[in-house]
Amino acid sequence: MQPTSLAFEAKAHAALDNPALQSALGSIKTGWQAGRSRAAEALPEFEALRDRGRDIKNHTLQHLDLYLEMFETKLAAAGGQLHFARDAAEARATVLDLCRTAEARAVTKSKSMVAEEIGINEHLEANGIERIETDLGEYIIQLRKEPPSHLVGPAVHLTKDQVSDLFAEHHGGPRIEDPAALVAEARRVLREKYFQADIGITGANFLVAETGTIVTVTNEGNAELTQGLPRTHIVITSLEKLVPTIDDAFTLLRLLARSATGQEFSAYTTLVTGPKRPADLDGPDRLHVVLVDNGRTKMLGTALQEMLRCIRCGACMNHCPVYLAAGGHAYGWVYVGPMGSVLTPQFAGIEETHTLPNASTFCGRCEAVCPVRIPLPKLMRHWREVQFEKGLTPPTARYGLRAWGFVATRPALYRAVTRAAAAVLGLLGRGTGRFRHLPLAGGWTQSRDLPAPSGTTFMAAWAKQAGRPSEPK
Amino acid sequence: MSDAREAVMARIREALGRTPEEDARARERVAAWPREAPPGRIPARGQLEPEARIELFTSMATRVQTDVERVTGAGAIPAAVGRYLRRHNLPQKLVMAPDPVLDEAGWASQPLLRIGRGTASDDDAVGLTLAVAGIAETGTVLLASSPDRPTLLAYLPETCIIVLPTDRIVGAYEQALALYREDASGLPRSLNFITGPSRTGDIAQKLELGAHGPKRLLVVLVDPESTAGQPA
């Protein structure tokens, strides 16, 4: 998927003028945001679990080669096959190969962000393989030919009425308004697809090194039907999903649902170890795991390594004032919100995406709620520095900063300039004490007044104050 | 494929940049890791006396729309199942895990109930299976796949009934897995932690049940018959 992140500003403006989208985004605050806070409060161990979650991920990343080897051995012992893919193209080719070997005409897919990242959807379709998304949100955006707008709720940007219109158009029946009936209709349509599919593709929330186990989490139960009905199960996943032990996975699972939706636990957590056993009555005959690098190993040993702790809960976006105003599609690629602003430049290149690390006020709420304590503002600042070093900052900002630097590093000049500015602005604003309009500050005064300075600078006031005895505390 | 493996491994090793001595220490740290988990990782919430654990399981399960019914002795399971099907106006027909424990429950007491044995197909409206453990922490049941306990029974039918002996209810996920491992070597193909019926919030964030898996989930808690004085 070609990123369209450079159009962030225009798309964000359009989003603000879209009442349906604003209403959909508004419900994130009352839903998932409030839910996370309730769930965290209800578990006294939550903060300690966050520390532990961070430590588990750090330990795994520091020993990633050893845990990868362990996972490889255990998966093979359980009868599964591991395929490495250096980049998106290699991953697409590997998956297509597996589909061709299985002579697959149709695949069902349960939500996998890595699958979106490597662009497998378009690739399968271009090669004549029918692909059906089974996660209801993913199915909705598949019908709309849209990318996901949220990690957990890919169709969170849509209202019920939009889904009603969509289903009426695609399913050919009468237009249904009742959400329960809409869900029932999707269930009926998708149920057939499960049985027609030759291959089921899922993602993984965690990969357990000690046992070669794949952990999936859903609320709908679609991952289990996707991998349980067809004869071949392909897992598309990435390196940083590894954890050492099943107990470590439990610790992270205690954080995942609470951080994501405020649930105590998602409805379905499934641990798959290998394909169907000889006497089993169900399960796939073959299990393939496609393990994607796609730039992740380049993050190891750099400032961005901390981002590899991410467990894709979506808490950062649920709490981000920019995401909640602009919506996911403004970000212009697969990953959105604060985590997307850190990952997208890595996967799609800073040249095409440098608007994203700037789409933040650095208010810090993302870091405050991150279950594995990723310093997201720090990592966005890292990308801003890269952007500046590469000369990708807009010329006005670059020259403006240069001019600022020139003045700010010359104290006498700085004091003279600020003294003059404060005096002039103080004089001009002495009537109302504020400005409605001010040249060069249009961005500020467009939506609020700028308070007028008092007429003197802090430095001048300090110098005056310094002559007097200090006030007792 | 193996090229890709070597390239990815080489990049990781280069990024980690360990000397041979550091490498040996790293291997020791990895070997020691499972034993070094700090205490306090398991929430205190579920670490209770048996009866309190059963109560917590029931209240947590009920909060996520699981129906819970408690009976005494395996012989009471068929009647509980029959009652539940009647209450929800469902046909007296189900597909059941071919498990000896369920077989011995005495289904003759429900002459109207037609029972198929095996895994579920698309036509089955009701599936019945047996849990390995219950987890009080979040009102979760743990199923483990085996020839006697096919996985799809809990996912394909619109109504799923899971039998759970109360002496198999533990506090935490870790303890449930430990309980499974007491009787089994290695892991089954599929371990399924189930917390309530299937749900989705994908249409305007409104909770709807029965997205793909069951719309209804009944857990039949079974107290052992021999224990006198169990509350009803």
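Note that the coordinates shown come from a computational prediction; the quantities given were computed from them, not determined experimentally. (Residues numbered from 1 in each chain as written. Chains lettered and ligands numbered in written order. Predicted model: local features only at pLDDT ≥ 70, side-chain atom pairs only at ≥ 80, totals over all residues. Heavy atoms only, no water.)

Asker: What is the right way to read the overall build of chain B from this model?
Answerer: A tally of regular secondary structure across chain B gives six helices and twelve strands. Seen through its C-alpha atoms, chain B measures out along the principal axes to roughly 70 × 45 × 40 Å. Across chain B, every contact between residues at least 6 apart in sequence was considered, and the portion connecting residues at least 24 apart equals 70%. A total of about 9800 Å² of accessible surface is found on chain B, and carbon and sulfur atoms cover 52% of it. Where the 27 positive side-chain charges of chain B centre and where its 30 negative ones centre are 3 Å apart. (Helix = DSSP H or I, 4+ residues; strand = E, 2+ residues; numbered from the N terminus. Contact = heavy atoms within 4.5 Å. Areas by Shrake-Rupley, 256 points an atom, 1.4 Å probe, with all protein chains shown as cover. Lys, Arg positive; Asp, Glu negative; His and termini not counted. Charge placed at Lys NZ, Arg CZ, Asp CG, Glu CD.)

Asker: Please explain the pattern of salt bridges as it appears in this structure.
Answerer: Close approach of charged atoms allows side chains of opposite charge to pair. A full pass over the atoms with the stated rule returns 49 salt bridges over all chains. For the salt bridge of A:Arg231 with A:Asp285, the shortest nitrogen-to-oxygen distance reads 3.0 Å. Taken together, the residues A:Arg231 in the loop between α11 (222-228) and β7 (232-238) and A:Asp285 in the loop between β9 (268-272) and β10 (286-292) connect sequence positions 54 residues apart. A relative accessible area of 53% places A:Arg231 in the exposed class. The salt bridge partner of B:Asp183 is B:Arg168, with a shortest N-O separation of 3.7 Å. Remark: B:Arg168 occurs in the loop between β7 (159-165) and β8 (169-170) and B:Asp183 occurs in helix α6 (residues 173-183); sequence separation between them is 15 residues. By relative accessible area, B:Asp183 is classed as exposed at 59%. Salt bridges sharing common partners tie together A:Glu47, A:Arg50, A:Asp51, A:Arg54, A:Asp55 and A:Arg373. (Salt bridge = Lys/Arg side-chain N within 4 Å of Asp/Glu carboxyl O. Buried < 20%, exposed > 50% of the residue type's maximum accessible area, 1.4 Å probe, protein only.)

Asker: When you look at the pairing of strand β9 (residues 190-194) of chain B in this model, what are you seeing that I'm missing?
Answerer: The side chains of a regular strand alternate between the sheet's two faces. Within β9(B), five of the five residues are buried, which leaves the element mostly enclosed by the surrounding structure. On β9(B), burial covers both faces: B:Ser190, B:Asn192 and B:Ile194 on one face and B:Leu191 and B:Phe193 on the other are all buried. Pairing between β9(A) and β9(B): five bridges, direction antiparallel. Residue pairing across strands places A:Thr269 opposite B:Phe193, the latter belonging to β9(B). In the sheet, strand β6 (residues 140-144) of chain B pairs with β9(B) via four bridges, with the strands oriented antiparallel. (Pairing = 2+ DSSP bridges.)

Asker: When you look at the interface of chain A and chain B in this model, what are you seeing that I'm missing?
Answerer: Interface size, as often reported, equals the accessible area lost upon joining of the parts. Each side of the interface is counted separately: chain A has 98 residues, and chain B has 76 residues. Across the chain A/chain B interface, buried area totals approximately 7200 Å², and carbon plus sulfur atoms make up 59% of it. When the area that chain A buries against chain B is broken down by residue, the three leading residues are A:Arg187, A:Arg254 and A:Tyr268, summing to 10%. Seen at the junction of chain A and chain B, the total is eleven salt bridges. Taking the shortest distance from any N to any O, the salt bridge between B:Arg63 and A:Glu264 comes out at 3.8 Å. Across the chain A-chain B interface, the total number found is 40 residue pairs in polar contact (both at pLDDT 80 or more). Looking at the side of chain A that touches chain B element by element, the count peaks at nine residues for helix α10 (residues 179-196) of chain A. A breakdown of the residues in the side of chain A that touches chain B according to their chemical character gives 47 nonpolar, 27 polar and 24 charged. (Buried area = accessible area lost by both parts, 1.4 Å probe. Polar contact = N/O pair within 3.5 Å; in protein donor to acceptor, adjacent residues only side chain to side chain. Nonpolar A, V, L, I, M, F, W, Y, C, P; charged D, E, K, R; others polar.)

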